[in-house]
Number of protein chains: 2
Amino acid sequence: MGRNTEKDTESLVNSKRSASKEMRRAQLIKATIKCVAQKGLSSITMADITKEAGLSLGIVNLHFQSKDKLLVETLRYMSEEYGESVHRALATEGGPAAKLTALMEMDFSAKVCQRNKLAVWFAFWGESKSRPIYQSLCAKIDEDANASVHTLFQQLDKDGDYQHIDPDNFASVWNALTEGLWLDILISPNEMTREKAKAICQGYLASIFPRHFERPRKTKN
Amino acid sequence: MGRNTEKDTESLVNSKRSASKEMRRAQLIKATIKCVAQKGLSSITMADITKEAGLSLGIVNLHFQSKDKLLVETLRYMSEEYGESVHRALATEGGPAAKLTALMEMDFSAKVCQRNKLAVWFAFWGESKSRPIYQSLCAKIDEDANASVHTLFQQLDKDGDYQHIDPDNFASVWNALTEGLWLDILISPNEMTREKAKAICQGYLASIFPRHFERPRKTKN
DNA sequence: ATTTTATGAATGATTATTCATTCATAAAAC
DNA sequence: GTTTTATGAATGAATAATCATTCATAAAAT
């Protein structure tokens, strides 16, 4: 414990009355993520959330005004958390290949790629068409990550003197590939695991930038 | 009109009392798809659905027993519809390359890839962790399509004598790529269009099987 | 005439929100 | 150091609103 640098709630929370506002909010948001994953966006109730958090019924309205706003803040929290993870991966020592590897490890890490969180992401995506605020938050995070990936692919193509006709196309594929693998992990956890997903990504990178990436041991099964 | 061979509701439906059971069900399912896309799974009501269908409140319970069952049948309907589309694409005249092109055209066709339907797919995926029946329906359709794609990639690699080290890896990428592009089209419709998505797929195929696929005119912008 | 299909007002269950009250903590007074 | 007062976070019973479902009635089909 104490190893994580950001978004930590564990401590202080149990001393009932002493937790700061921000801590309470984070605690409730984490309970929300768990509940949405377990019961789905369409059937979570305030009672579920507050029970999961070990607090009383009125607490969400006290800290977030309404259930709706709690959900928006939950999405915002997840977006920021993911954004920070991307940022940290991009700050990895080394060239574009090392950064790309770090990005991949992050995208399929236990923290980012747990089925609970995937379920919540998909739930928000599924409601994004009807809730503009969801859509803009989701679009922002996706577009930012996408832009970084494009830069990385261009750099790597240049630095490695690969002279690919269209590195941007490879970058676009990479981005969609990651998202698609999340879906597979969510709905076919027996068929697709985080490790398998990484192997697929690795294989893809090796086929484009053979001098920078090794083929994974095995792709199949 | 009358061009579609399956899943057609337009006719007969307006003559209030004459529609057959199956037609009524299809009519309600279509209304459900529209409502879920417009309001989200978490806030659609029976009133929304029946109003959209131009029918009365009790009608869903008459034909589906409950709202829950209507939603399950909606997912089943969409799965079958997609499964049939895949089947038709695979029945295209020609070799694996032609079939792959047909599959791609289908996956990004106006019918399959409309944002309304994408929103509904994502909503169901988002609830799949909490509703086993959703999960099994979603997993089934995904795994079937995936298996077909793997066969196609293997055939094409063999027929074209490409001797790729791991055609299965390319197939896995293809599958996830398609799903990831759907997400981009759903949440960033200004950044990603159906046409752009097709160009990305086409570029990917051209990079793997250059003698069978041409590079698209342009990928960027 | 009988059966099937549809209606929509009424019902009852669920659930978000409100708010009077409690109580832990801290500041002020002594 | 002890007691008093003030603060505002937390509680949860009560309220009010929403919404799925039922069912008596009617219309249409056979």
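Before any of the text, the structure's been laid out above.
From a predicted model like this one, the values you see are computed outputs, not experimental measurements.

S.K.: Go over the protein's contact with DNA strand D with me, naming the residues and quoting the values.
M.R.: Taken together, 19 residues sit near DNA strand D, with A:Arg24, A:Ser56, A:His63, B:Met46 and B:Lys67 positioned nearest. Atoms of DNA strand D within 4 Å of the protein: sugar and phosphate make up 77%, bases the balance. Contacts to DNA strand D include A:Lys21, whose side-chain N or O atom sits 3.3 Å from a phosphate oxygen. Between DNA strand D and B:Lys67 there is a distance of 2.6 Å, counted from a phosphate oxygen to a side-chain nitrogen or oxygen. If you list the elements that add at least two residues to the surface near DNA strand D, you get helix H1 (21–39) and helix H3 (59–64) of chain A. Top element by residues in the surface near DNA strand D is H3(A). It accounts for three residues.

S.K.: Which residues make up the relation of the copies chain B and chain A, and what values go with them?
M.R.: Superposing chain B onto chain A takes a rotation of 180° combined with a translation of 0.0 Å along the rotation axis, leaving an RMSD of 0.0 Å. Taken together, the rotation and translation relating the two chain copies correspond to the operation of a two-fold axis. An overlap of 98% is found between the interface residues of chain B and their copies at the interface of chain A, pointing to a shared contact surface.

S.K.: Tell me about the pattern of salt bridges, and please be specific about residues and values.
M.R.: One pass over the structure, following the stated rule, counts 20 salt bridges over all chains. A:Asp144 serves as the salt-bridge partner of A:Lys140, at 2.8 Å between the closest nitrogen and oxygen. You can see A:Lys140 and its partner A:Asp144 sitting in helix H7 (residues 132–159), four residues apart, about one turn around the helix. A relative accessible area of 38% places A:Asp144 in the partly exposed class. In this structure, B:Lys39 and B:Asp48 form a salt bridge, with 3.1 Å as the shortest nitrogen-oxygen distance. B:Lys39 sits in the partly exposed class, given a relative accessible area of 36%. Each of A:Glu22, A:Arg25, A:Glu73 and A:Arg76 takes part in salt bridges that share partners, so that together they form one network.

S.K.: Describe the interface of chain B and chain A, listing the residues and the values that go with them.
M.R.: At the interface, 51 residues of chain B touch 50 residues of chain A. The largest share of the area that chain B buries against chain A comes from B:Lys129, B:Asn169 and B:Ile187, three residues that together contribute 15% of it. Counting across the chain B and chain A interface gives zero salt bridges. Seen at the junction of chain B and chain A, the total is 13 residue pairs in polar contact (both at pLDDT 80 or more). Of all the elements in the fold, those that place two or more residues in the side of chain B that touches chain A are helix H1 (21–39), helix H6 (115–127), helix H7 (132–159), helix H8 (167–187) and helix H9 (194–208) of chain B. Here the side of chain B that touches chain A gets 15 residues from one element, more than from any other, and that element is H8(B).

S.K.: Which residues make up the protein's contact with DNA strand C, and what are the values?
M.R.: Neighbouring DNA strand C are 19 residues, the closest being A:Met46, B:Lys21, B:Arg24, B:Ser56 and B:His63. Atoms of DNA strand C within 4 Å of the protein belong to the sugar or the phosphate in 76% of instances, the rest to bases. Residue A:Lys67 places a side-chain N or O atom 2.8 Å away from a phosphate oxygen belonging to DNA strand C. In the model, a phosphate oxygen of DNA strand C is placed 2.4 Å from a nitrogen or oxygen of the B:Arg24 side chain. Counting residues per element, the ones that place at least two in the surface near DNA strand C are H1 and helix H3 (59–64) of chain B.

S.K.: Explain the nonpolar core to me, and be specific about the residues and the numbers.
M.R.: Membership of the largest hydrophobic core comes to 148 residues, with the highest contact counts inside it found for A:Phe153 and B:Phe153. Excluding residues within four positions of it along the chain, A:Phe153 makes contact with A:Leu100, A:Pro167, A:Phe170, A:Ala171, A:Trp174, A:Leu205, A:Ile208 and A:Phe209.

S.K.: Could you give an account of the packing of helix H5 (residues 96–107) of chain B against H9(B), with specific residues and numbers?
M.R.: Residues and elements named next belong to chain B. Two elements in contact, H5 and H9, have axes whose closest approach is 10 Å; the angle formed by their N-to-C orientations is 160°. By the angle class used here, H5 and H9 are roughly antiparallel. The way H5 lies across H9 gives a crossing that is right-handed. Along its contact with H5, which presents Leu100, Met104 and Glu105, the element H9 presents Lys198, Cys201, Gln202 and Leu205. Residues belonging to the contact of H5 with H9 are distributed by class as follows: four nonpolar, one polar and two charged.

S.K.: A description of the packing of aromatic side chains should follow, citing residues and the corresponding values.
M.R.: Within the structure shown, the criterion is met by 20 aromatic pairs over all chains. Ring plane angle 85° and centroid distance 6.0 Å describe the contact between A:Tyr82 and A:Trp182, whose orientation is recorded as edge-to-face. With a gap of 100 residues between them, A:Tyr82 in helix H4 (residues 67–90) and A:Trp182 in helix H8 (residues 167–187) connect regions that are remote in the sequence. Exposure class is identical for A:Tyr82 and A:Trp182. Each is buried. Ring plane angle 80° and centroid distance 6.3 Å describe the contact between A:Trp125 and B:Phe122, whose orientation is recorded as edge-to-face. Of this pair, A:Trp125 sits in helix H6 (residues 115–127) while B:Phe122 sits in helix H6, on two different chains. Across the pair, exposure class does not vary: A:Trp125 and B:Phe122 are buried alike. Each member of the aromatic cluster is reached from another via a ring pair, and the members are A:Phe153, A:Tyr162, A:Trp174, A:Tyr204, A:Phe209, B:Phe153, B:Tyr162, B:Trp174, B:Tyr204 and B:Phe209. For A:Arg131, the ring lying beneath its charged end belongs to A:Tyr134, and the centroid distance is 5.2 Å.

Parameters at a glance
- Residues numbered from 1 in each chain as written.
- Chains lettered and ligands numbered in written order.
- Predicted model: local features only at pLDDT ≥ 70, side-chain atom pairs only at ≥ 80, totals over all residues.
- Heavy atoms only, no water.
- Near = heavy atom within 4 Å.
- Polar contact = N/O pair within 3.5 Å; in protein donor to acceptor, adjacent residues only side chain to side chain.
- Helix = DSSP H or I, 4+ residues; strand = E, 2+ residues; numbered from the N terminus.
- Least-squares fit on C-alpha atoms with pLDDT ≥ 70 in both.
- Contact = heavy atoms within 4.5 Å.
- Salt bridge = Lys/Arg side-chain N within 4 Å of Asp/Glu carboxyl O.
- Buried < 20%, exposed > 50% of the residue type's maximum accessible area, 1.4 Å probe, protein only.
- Buried area = accessible area lost by both parts, 1.4 Å probe.
- Core = buried A, V, L, I, M, F, W, Y, C linked by side-chain atoms within 4.5 Å.
- Axes fitted to C-alpha atoms, helices over the stretch in contact; angles between N-to-C directions.
- Parallel < 35°, antiparallel > 145°, perpendicular 65-115°, else oblique.
- Left-handed = near helix turned anticlockwise from the far one by under 90°.
- Nonpolar A, V, L, I, M, F, W, Y, C, P; charged D, E, K, R; others polar.
- Phe/Tyr/Trp six-rings, centres within 6.5 Å; stacked < 30°, edge-to-face > 60°.
- Lys NZ or Arg CZ within 6 Å of the ring centre and 35° of its normal.

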